[in-house]
2 protein chains.
Amino acid sequence: MSLVVVGSVAYDGIETPYGKADRLLGGSATYIALAASYFTAVKIVAVVGEDFDGDDWRLLQDHGIDLQGLERVPGRTFYWAGSYSPDLNDRTTLTTELNVFAGFDPRLPEEYRSAPYLFLGNIQPSLQDRVRRQMNHPRLVGGDTMNLWIREAMRDLAETLQGWDVLLVNDSEARMLTGESNLRAAAQKILNMGPHTVIIKRGEYGAVLFQRDGYFISPGFLLESVYDPTGAGDSFAGGFMGYLAGCGAHPATHAALRRAVIYGSVMGSFCCEEFGVRRLARLTRAEIDARYREFQAFTHF
Amino acid sequence: MSLVVVGSVAYDGIETPYGKADRLLGGSATYIALAASYFTAVKIVAVVGEDFDGDDWRLLQDHGIDLQGLERVPGRTFYWAGSYSPDLNDRTTLTTELNVFAGFDPRLPEEYRSAPYLFLGNIQPSLQDRVRRQMNHPRLVGGDTMNLWIREAMRDLAETLQGWDVLLVNDSEARMLTGESNLRAAAQKILNMGPHTVIIKRGEYGAVLFQRDGYFISPGFLLESVYDPTGAGDSFAGGFMGYLAGCGAHPATHAALRRAVIYGSVMGSFCCEEFGVRRLARLTRAEIDARYREFQAFTHF
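Described below are features of the structure shown in this document. (Residues numbered from 1 in each chain as written. Chains lettered and ligands numbered in written order. Predicted model: local features only at pLDDT ≥ 70, side-chain atom pairs only at ≥ 80, totals over all residues. Heavy atoms only, no water.)

1. Section: the pattern of salt bridges
Residues and elements named next belong to chain A.
Turning to step 1, where the next piece is worked out: This structure, assessed with the given rule, holds 34 salt bridges over all chains.
Turning to step 2, where the next piece is worked out: Between arginine 279 and glutamate 287 there is a salt bridge; the shortest N-O distance is 3.0 Å.
Turning to step 3, where the next piece is worked out: Glutamate 287 gets classed as partly exposed once you look at its relative accessible area, which sits at 28%.
Turning to step 4, where the next piece is worked out: For the salt bridge of arginine 285 with aspartate 289, the shortest nitrogen-to-oxygen distance reads 3.2 Å. In this pair, arginine 285 and aspartate 289 both sit in helix α11 (residues 285-299), four residues apart, roughly one turn of the helix. (Salt bridge = Lys/Arg side-chain N within 4 Å of Asp/Glu carboxyl O. Buried < 20%, exposed > 50% of the residue type's maximum accessible area, 1.4 Å probe, protein only. Helix = DSSP H or I, 4+ residues; strand = E, 2+ residues; numbered from the N terminus.)

Right, dumping it as structure tokens:
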């Protein structure tokens, strides 16, 4: 079943200890949509400028992604540049040029509105809410946020969260959102804010899924080498939501959510193997399923 | 089958954000032996001074621990004091008084020498080697080390490691020992140093077991609250070795090693719930098995 994804489509300048690249196709919606495209039909809602490259448009199209909702407007595409620390655990933003993204007012094409799955990538909470309200009763709504919105738009965030089923955040964001340093306590507070499921991502250490009556821990995949962690969290979200949409899972099915967390981890791990979306863009479903089975093998006891 | 444990028996002064306590029974051999005592018969090799408390002696005895090898000599017991950071992730050593431990020359009682399992707690590598050489062909030899010996006694450490089956270290020690920042690469180098199995502990994030032909990742247990992490790594070692000794596992049985890693994680998690050995000392096997089943429940997919 189809999945609507809203977020940014951007160009990134990335520096890691392994190299440097400029104007790489990036943005949260790009990573989420590409990762999800291996599991289900994806419809993107985003905005790009006149400089957006035809090859990048085709790359998304070649993954069967519906681009009716990808507006092309006068001006330049959102540009972000960042540099990673030697151990890749910290990154410094060098440039953020919102460009056409500053005026982004997401409008959903008519055909998008009855899609059963919706993922709200990391944009202003008020925009996330506006997208959600254009949908006709989606079966499952997931979303992401970041420290910037927790700090500067907490009221809007709290309001939109009430309409979400699943929140994906990283551990520091979960702590910031709740004021609780203990992960279990933070998760319980988030579950009182609206979502019935919260997934707390812990970078290389994996992710934890919490619901009121249980939790599930997935360790991270041990990569031989990490070239570029940009987009790993969004790729996780894409694998997670894409898997659920692909099997038409009812949102309350705990077993499907667990498998979705593993598929999220699989996609996040692949993402780090090369710069930008390069690895993500040339995966096969067989490679994805092989890594899923590796997760089974190294966690089973 | 019985397990011989060598290490320190000490008094600890501990300050955490949750409180402060002085002269708590501690030391690596104490934590390892207590944790292992829930699974198998344990024989301790260590030294204490004249100040060693009768109640502490009885506490060890009450757990069925053989104290023939616990020498009592003139002088004071090894004393260590430390203070933890607010998030418990860092600790500062305030005092180290070696006292009787400075002249420790471990001699194994005759009855210890044919025990099939041996664990070498964190003491000078040359002393670990001396203990190992007093044993008659143990079935499985495990051991621990620390940054101090990697820095100051690397030659001795490399020599003694050649006779070990299993090395337990934390992630920063594994990196320091091998000069490899990637965990997989570090593990492969360690497997070339002698042990057929290396377990890399990652604090709250769990542990990874590596062998030449495979690996196993255990996430950490999500505690509601952590009062005092002192001894958690040693409790892990005790649960790990105790379980293997208790079921008489052949060292090459990968499935038993995986279960042992989970029992190690279980014991490490209990250890953090109260100051010093308090929680560890009043556990029941039923509580331990219940937490083992919780690990099964939250990792299964």
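2. Details of the sheet that holds strand β7 (residues 91-97) of chain A
Residue and element names in this part refer to chain A.
Turning to step 1, where the next piece is worked out: Ordered in space as β3-β2-β6-β7, the four strands form an open sheet in which the pairing is mixed. Two strands lie at the open edges of the sheet, namely β3 (19-26) and β7, each paired on one side alone. With direction set aside, neighbouring strand axes in the sheet form an average angle of 15°.
Turning to step 2, where the next piece is worked out: Pairing geometry for strand β2 (residues 10-16) and β3, over six bridges, is antiparallel. Along β3, the bridge assignment pairs aspartate 12 with leucine 24. (Pairing = 2+ DSSP bridges. Axes fitted to C-alpha atoms, helices over the stretch in contact; angles between N-to-C directions.)

3. Describing the pairing of strand β8 (residues 117-120) of chain B
Residue and element names in this part refer to chain B.
Turning to step 1, where the next piece is worked out: Burial along β8 is two-sided: Tyr117 and Phe119 facing one way and Leu118 and Leu120 facing the other are all buried.
Turning to step 2, where the next piece is worked out: Sheet analysis places strand β1 (residues 3-6) next to β8, joined by four bridges and oriented parallel. Paired with valine 4 across the strands is leucine 118, a residue of β8.
Turning to step 3, where the next piece is worked out: With four bridges connecting them, β8 and strand β9 (residues 140-144) associate as parallel partners. When the sheet's bridge partners are listed, phenylalanine 119 is paired in β9 with glycine 142.
Turning to step 4, where the next piece is worked out: Handedness of the β-α-β unit built from β8, helix α3 (residues 125-134) and β9 comes out right-handed. (Right-handed = clockwise from strand over helix to strand, strands pointing away.)

4. Considerations on the relation of the copies chain A and chain B
Turning to step 1, where the next piece is worked out: Least-squares fitting of chain A to chain B yields an RMSD of 0.0 Å, with the superposition described by an axial translation of 0.0 Å and a rotation of 180°. Put plainly, the chains are arranged around a two-fold axis. When each C-alpha of chain A is compared by its distance to the rotation axis, Pro219(A) comes out closest, at 2.9 Å.
Turning to step 2, where the next piece is worked out: Interface overlap between copies: 100% of the residues of chain A at the interface are likewise at the interface in chain B, consistent with a symmetric, same-surface contact. (Least-squares fit on C-alpha atoms with pLDDT ≥ 70 in both. Contact = heavy atoms within 4.5 Å.)

5. Focus: the side chain of Asn182(B)
Turning to step 1, where the next piece is worked out: With respect to the helices and strands, the residue Asn182(B) is situated in the loop between α6 (171-178) and α7 (183-191).
Turning to step 2, where the next piece is worked out: Here Glu224(A) takes part through its backbone oxygen, which lies 2.8 Å from a polar atom of the side chain of Asn182(B).
Turning to step 3, where the next piece is worked out: A polar atom in the side chain of Asn182(B) sits 3.2 Å from the backbone nitrogen of Ala185(B).
Turning to step 4, where the next piece is worked out: In contact with Asn182(B), not counting residues within four places along its chain, are Leu223(A), Glu224(A) and Ser225(A). (Polar contact = N/O pair within 3.5 Å; in protein donor to acceptor, adjacent residues only side chain to side chain.)

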